[in-house]
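Letter by letter, the chains look like this.
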Amino acid sequence: MNILFIMYDQLRFDYLSCAGHSDLETPHFDRVAAKGVRFTNAYVQSPICGASRMSFYTGRYVSSHGASWNGFPLRVGEQTMGDHLRKLGMDCWLIGKTHMQADAEGMARLGLSPDSTIGARQAECGFDAWVRDDGLWGHGPDGFYDEKRSPYNEYLKTKGYEGDNPWADFANAGIEENGDMASGWMFANADKPANIREEDSETPWLTSRTIDFVEEMSKGEGSWCAHVSFIKPHWPYIVPAPYHDMFGSQHVPAANRHEVERDNPHPVLGAYQDNKIAQAFQREDVRQKVIPAYMGLIKQCDDQLGRLLDYLEETGRMDDTMIVLTSDHGDYLGDHWLGEKDLFHEAAVKIPMIVFDPRQEADTTRGTTCDALVESIDLVPTFVEAAGGTVPDHILEGRSLAPWLRGETPDWRRCAISEYDYSPTPQAVKLGLTPKECRLFMVYDGRYKMMHAEGGFRPILFDLKTDPEEFHDLAKADAHQAEIDRLYDLFAQWLRRCAQRVTKSDDEIQSGRGASLRKGILPFMVDGSEVPQEFTEKYRGPAPQRVDGD
């Protein structure tokens, strides 16, 4: 069996018609959901691109792999899905974005050349790169945000889009009435069509590269996993025609926010509510422009997914390919007086996750939903099991979703955990915190959601049964201390997990117990009678004669 692991960047869990969106029709996401299982309570391990993705790729929590912010390198030697799957005979390829920063210092220390096979895989998060493009070619006074080569920019130049950075000049910019560029970096331009042919924009381009990949792989033998990582609907919020005006103000929901959230907020929440992106999304004119563009980007993603699904069906690949649709985090879009992601409200930390397993044993669950608490780290063990392997649970901290796909009800986790390191941010500076103090943790048991903040702050608590909008922070008062204490107990259990003994499995340890009694050292004997006589044979008999010097 093959695996298509498809990720959309910054796609909210509730902006799909199969998830209940009232205006945005996504028939091809729905098409996969009708063939598989839609997990309705899936959470990322960090609500920020880089840290979240490193958890997806390693199957480990952020505090285990350590790459806790965009641009923080994933340390050399950290095992990823590529390492686990290749042991099982399955190739593992990248098509699109990872946001991974290589541990160049660690590679140099070990003498790993990035030009070697193993060095290239270390530098590409364990993947063999079919095509990598992280899709953020913003250019400021001090240079580009991303300094790698851009295959997408190179493609645009072959299509006649001129300039050093057609990604910014065409794919993510419109045109003002006077002929000037209308950059997608400015929210005021979100309603303009991007100055690019739709078929040359980012999502169709990556879909074409995916089809090229599958076609090439079909010529050979062996199984493969392809991580297809789309750049959209992540900002800049601008989309080519005809998607730019498919949605309008009538499709913009009221912001999910309440004045009570601004009344003596938790200091960390208050700092984020006052940052620039939040202030922008507190303006209704911004939401009225951005959200229709965001919906247009998702609609384009859905249409291109349909194109890919049609190809798989026409070529028979749907019969032997597991398909996973998910996202690295959500987007506040003005909810809770916030923009972007970063914190632990549902809009940011909850993600879509749809899994189609073509095997017969999954037939009983087709078209169903599962409300178990699922984490992003569950995908790597799912893929290991799909490839015919045994999950190395001393390394992988997630749990295979295969039992749920087969209709079973396994013993499952009691809470979902997410982590956030905001040490590089202006909010950390505003709060006067050291980097070690800038750590947030979410503990969610399916009803109560608690945020713990280092730095001496009180927690935040929401009851999603009585307050599904997450407006009322119950930790402002003392009435729910019992629930806070209970969640801290769950948090403490999670903190005590065995996360760093990754070179020796439990099975290896258990099978080795007592195995060394017939060789090596025999300690703790009184007179030797405690063990069979043959064990002490080397230590009995006449003493050797000492040779004295002159």
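The paragraphs below set out a description of the structure included in this document. (Residues numbered from 1 in each chain as written. Predicted model: local features only at pLDDT ≥ 70, side-chain atom pairs only at ≥ 80, totals over all residues. Heavy atoms only, no water.)

## Points about the layout of surface pockets
In this structure, the largest pocket encloses a volume near 700 Å³. If you list the elements that add at least two residues to the lining of the largest pocket, you get β6 (139-140), β7 (143-144), α10 (267-273), α11 (276-281) and α16 (426-431). The dominant element in the lining of the largest pocket, judged by the number of residues it contributes, is α16, at three residues. A volume near 530 Å³ is recorded for the second largest pocket. Tyr61, Glu397, Arg399, Trp494 and Arg497 are the residues nearest the centre of the second largest pocket, which is lined by 22 residues in total. Among the elements that take part in the lining of the second largest pocket, helix α17 (residues 481-495) stands out by supplying three residues, more than any other. Classifying every residue of the lining of the second largest pocket gives 10 nonpolar, three polar and nine charged. (1 Å grid on protein atoms, 1.4 Å probe; cavity = no way out; pocket = protein on both sides within 12 Å on 5 of 7 lines; lining within 4 Å. Points joined across faces, edges and corners; volume = space filled by probe spheres on them. Helix = DSSP H or I, 4+ residues; strand = E, 2+ residues; numbered from the N terminus. Nonpolar A, V, L, I, M, F, W, Y, C, P; charged D, E, K, R; others polar.)

## A look at the sheet that holds strand β15 (residues 374-375)
Pairing between the strands of a sheet is mediated by backbone hydrogen bonds and can be parallel or antiparallel. Pairing within the open sheet is mixed, and its three strands lie in the order β12-β3-β15. Single-partner strands in this sheet number two, and they are β12 (350-351) and β15. One ladder, built from two bridges, connects strand β3 (residues 42-43) with β15; its direction is parallel. Pairing of Ala42 across the sheet is with Val374, part of β15. (Pairing = 2+ DSSP bridges.)

## A short note on the nonpolar core
With 70 residues, the main nonpolar core has Phe5 and Phe39 as its most contacted residues. In terms of residue count, the dominant contributor to this core is helix α14 (residues 379-386) (five residues). Those residues within four positions of Phe5 in sequence are excluded, and the remaining contacts are Phe56, Tyr57, Met81, Ala226, His227, Val228, Val324, Thr326, Leu379 and Phe383. (Core = buried A, V, L, I, M, F, W, Y, C linked by side-chain atoms within 4.5 Å. Buried < 20%, exposed > 50% of the residue type's maximum accessible area, 1.4 Å probe, protein only. Contact = heavy atoms within 4.5 Å.)

## What about the pairing of strand β11 (residues 321-327)?
Within a regular strand, the side chains alternate between the two sheet faces. β11 sits mainly inside the fold: seven of its seven residues count as buried. Alternating residues of β11 divide into Thr321, Ile323, Leu325 and Ser327 and Met322, Val324 and Thr326, and every residue in both groups is buried. As paired strands, strand β1 (residues 2-8) and β11 are joined by seven bridges and run parallel to one another. Each residue of the ladder has a partner; that of Met7, found in β11, is Thr326.

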